[in-house]
Amino acid sequence: MTTADMWFDPRCPWAWNASRWLLEVERVRNVRVRFHVMSLSVLNEGREGLEEWYREWLKPGMGPVRVAVAAEQKFGTEVLRDLYTALGTRIHHDRAPIDRALYVAALTEVGLPVELADAADSTDHDDALLVSHQAGLEPVGEDLGTPTIHVTDDTGRRTAFFGPVVAPIPRGEEAGRLWDGVLLVSGIDGFFELKRARTRPPIER
């Protein structure tokens, strides 16, 4: 069994695509996915040169990650799988506002206490968030972000990388082939980047 640990910010559409791809990979490869929280708001704090639209987009970003970390702290990492799906479906497909109603609806769906929504406006779990954030990015570089994935094979060998940035989401065996290719290139010592211009939005309507 190979383990894929993915770090996500619930609001990042490219991370959402990568997470849905990984769940497809579970169906066609001997892989188990575990989810962890990072924050684009933390990543970009104090950065200069950000476009104005992105600065505005980042403003409500701490709420969802705080709720996710609070749930993980109280109930364990496994709850993030379903909570991320509940949050992400509302954010990326329903275009729900980032507010308490969003958190309460997602928590209710997965059977978690709605009081966890209080964490959105609290700094109580920010230290734990920072630990998780740094654990995800340290092997790949703080100038990157999410999706960040660490892969540990059955021998204990670990590979870490940013990406893949992909749209639409690969399904079935196509997801498996992308997984095979990503592991192949990321496993080459000294391989750093393969990139081309984006020609479509992450979440298509």
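Here, the structure is the one placed above.
Counting restarts for each chain: residues are numbered from 1 in the order of the written sequence. Totals for whole chains, interfaces and linings use every residue, but because this is a predicted model, local features are given only for residues with pLDDT of at least 70 and side-chain atom pairs only at 80 or more, for both listing and counting. Think of the side-chain values as coming from all heavy atoms in the structure, minus any hydrogens and water.

A. Layout of the sheet that holds strand β3 (residues 148-152). If you trace the four strands from one edge of the open sheet to the other, you get β2-β1-β3-β4, paired in mixed fashion. At either margin of the open sheet sits one strand with a lone partner, and together these are β2 (31-37) and β4 (158-162). With direction set aside, neighbouring strand axes in the sheet form an average angle of 20 degrees. Looking at chain direction, β3 and β4 are connected through five bridges and run antiparallel. Residue histidine 150 lies in a different strand from β4, and its bridge partner there is alanine 160. The pairing criterion for strands is at least two bridges between them, as found by DSSP. Secondary structure counts use DSSP, requiring at least four H or I residues in a row for a helix and at least two E residues in a row for a strand, with both numbered from the N terminus. Helix axes use the C-alpha atoms of the stretch in contact, all axes being lines fitted to C-alpha atoms, and the angles between their N-to-C directions lie in the range 0 to 180 degrees.

B. A look at empty space enclosed by the protein. Cavity: a set of points on a 1 Å grid over the protein atoms alone where a 1.4 Å probe fits but cannot get out. Pocket: an open set with protein on both sides within 12 Å along at least five of seven lines, its lining residues, like those of a cavity, having an atom within 4 Å of a point. Grid points are joined across faces, edges and corners, and a volume is the space filled by probe spheres set on the points. Tallied over the full model, the rule gives one cavity of 30 Å³ or more. In this structure, the largest cavity occupies an estimated 40 Å³ of space. Forming the walls of the largest cavity are Arg32, Val33, Arg34, Phe35, Thr77, Glu78, Leu80 and Arg81. If you tally residues by element for the lining of the largest cavity, the top one is β2, at four residues. Note that Gly is not counted as nonpolar here; it falls among the polar residues with everything else outside the nonpolar set of Ala, Val, Leu, Ile, Met, Phe, Trp, Tyr, Cys and Pro and the charged set of Asp, Glu, Lys and Arg. For the lining of the largest cavity, the residue count by class is three nonpolar, one polar and four charged.

C. Up close: unusual backbone geometry. Proline 147 follows threonine 146 through a cis peptide bond whose omega is 10 degrees. Examined against the element boundaries, proline 147 turns out to sit in the loop between α7 (126-137) and β3. With an omega of 0 degrees, the peptide bond running from alanine 167 to proline 168 counts as cis. Within the element layout of this structure, proline 168 appears in the loop between β4 and α8 (172-186).

Keep in mind these numbers describe shape, not what the thing actually does.
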